[in-house]
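Results of the structural survey
These are the residues of each chain, in order.
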Amino acid sequence: MQTTEHLVQPTPAEQAPFTTSEKPALHEDWVVVVLGFLIIGITLFGFILPIPKFGWSNSEELFSKVLTAANLGIIGLQFLYVFAVALFGSLLLGKPVMRSVIVFPVVYLLTIVALIIAGSATMKSLNLEAVIFSLTIGLLISNFFRLPEWFRSTLSTELFVKIGLVLLGTSVIFSDILKAGSLGLIQALAVVLSVWYFAFWLCKKMKVDDELRMMIASAVSICGVSAAIATSGAIKGDSKKLSYVISMVLITAIPMMIFMPYIANYFNFPEEVTGAWLGGSIDTTGAVVASGTLVGETALKISTIVKFSQNVLLGLAAFAISIYWTYTKHAAAKDEANKPTLKVIWERFPKFVLGFIAASLLFSFAVSPETSAAVKDSLKNLQGLWFALAFTSIGLETNFADLFNQNSKKPLYAFLIAQGFNIIVTLIIAFLLFG
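Residues numbered from 1 in each chain as written. Predicted model: local features only at pLDDT ≥ 70, side-chain atom pairs only at ≥ 80, totals over all residues. Heavy atoms only, no water.

By the definition in use, this model includes 4 salt bridges. Put simply, aspartate 210 and arginine 213 hold a salt bridge, and the shortest N to O gap is 2.7 Å. Of the two residues, aspartate 210 and arginine 213 both sit in helix H11 (residues 210-223), 3 residues apart, roughly one turn of that helix. Of the charged contacts, one joins lysine 380 and glutamate 297 as a salt bridge, the two residues approaching to 2.8 Å between their closest N and O atoms. In this pair, lysine 380 is assigned in helix H19 (residues 369-397) and glutamate 297 in helix H16 (residues 297-326), connecting sequence segments 83 residues apart. (Salt bridge = Lys/Arg side-chain N within 4 Å of Asp/Glu carboxyl O. Helix = DSSP H or I, 4+ residues; strand = E, 2+ residues; numbered from the N terminus.)

Below, the discussion takes up the packing of helix H2 (residues 28-44) against H19. Between H2 and H19, whose axes approach to 10 Å, the crossing angle comes to 145°. Crossing of H2 over H19 shows right-handed handedness. On the side of H2, the interface is formed by Ile39, Ile40, Thr43 and Leu44, while H19 contributes Thr371, Val375, Leu379, Leu382 and Trp386. Of the residues belonging to the contact of H2 with H19, the class tally is 7 nonpolar, 2 polar and no charged. (Axes fitted to C-alpha atoms, helices over the stretch in contact; angles between N-to-C directions. Left-handed = near helix turned anticlockwise from the far one by under 90°. Contact = heavy atoms within 4.5 Å. Nonpolar A, V, L, I, M, F, W, Y, C, P; charged D, E, K, R; others polar.)

Our next topic: the nonpolar core. Across soluble globular proteins, nonpolar side chains have a tendency to be buried as a group. In terms of nonpolar packing, the biggest core is built from 87 residues, with Ile39, Phe104, Tyr108 and Trp386 touching the most fellow members. Ignoring sequence-local partners within four residues, the contact set of tryptophan 386 consists of Ile39, Val82, Val85, Ala86, Phe104, Phe160, Ile163, Gly164 and Leu167. Within the second largest apolar cluster, 34 residues are counted, among which are Phe198, Ile235, Ile246 and Ile429. (Core = buried A, V, L, I, M, F, W, Y, C linked by side-chain atoms within 4.5 Å. Buried < 20%, exposed > 50% of the residue type's maximum accessible area, 1.4 Å probe, protein only.)

Owing to its 3.6 residues per turn, the α-helix aligns residues three or four sequence positions apart on the same side. Across the 11 residues that make up helix H14 (residues 271-281), a large majority, 9, are buried. Listed as buried for H14 are Val273, Thr274, Gly275, Ala276, Trp277, Leu278, Gly279, Gly280 and Ser281.

So, on to the environment of leucine 412. Positionally, leucine 412 belongs in helix H21 (residues 410-434). Given a relative accessible area of 8%, leucine 412 falls into the buried group. A sequence separation of 164 residues divides leucine 412 from methionine 248, and the C-alpha atoms of the two residues are 7.1 Å apart.

Given below as structure tokens:
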């Protein structure tokens, strides 16, 4: 899931005093791998970060367990740790570090509030996870207050999600990846081909323009925001149209992320089927992780692996789209100097997937069971924290007005219909493969 490019342009006052940025030293996906393995390495070499307590059942326990000096000290130590990692990430990405110095503490504080709320016995009984509260808090702030554009552009949503996903690899045994990944790849091929063609056909019938048609079809069928961005790059698409598609993806992912796990629970879907359904139909990796978390460990692992299977197809899809667009009569594609090559596959390939697999290989074959048992709780805590930070950021950067201020509603209607088709088709395929 990439950070949205918002339709509202910042004023000079909003940009100041943070107007400069450097050229990124590394691509974001490689930065994620570096940061993920930095955390894993520090942990394996003996620095096991203490885990804060967030569970409470009444106000007395809230103050005697959670809001104690000792526990707040652990929360503060955790902040310093992840703050240092986030600043290092900003440095590697070429982002103005001073922006992150201001923005990250705000995101962390809001996330801690969400974790405390989610820690109450009442919320746990309702099966409401911290990611829902971090998302809700962010949405309330972003939709009731006008955040400066420099603040929103500094949010590192995708970075946080992908760090969490690399850390998730430490808890996924590689044999599970091979087993579920092969089925996930079969599902991904079936879903991508059927849903992409349906969405493309539907948009054409509804007279949606060519660029939006390609972006919507890719976003619905492959992997949401990343696919829309890759497609826009492949066809040299309009950035405002890309922002429109990204807004639709993010906003529709929210109700899907929340309600699909409860639908699966109501109808008693097997956890493997639920995971495959979530991973194959929800369009952002972060929302897949959040919804899988609501169901359980098995669903989280299966949904992540299935989503990765779709992500792997992104490079091939971008290459195919590049060829189609280049060799049609579209004026934007007649540049002979930019004919697509096989290099496009590697450029579009989501590199953080390699980090996830490497972490799984490391803990499956190289790390002893004793060491793994000693570090797993600390790494799992950090994994959950990065996910929660990501969803606070998603909420803060998502403004519903970005979507509903558009003049034409045809792309929105086409996207929603295609998404409904995607949900039904993916559920059927999930039952056939994982049932």
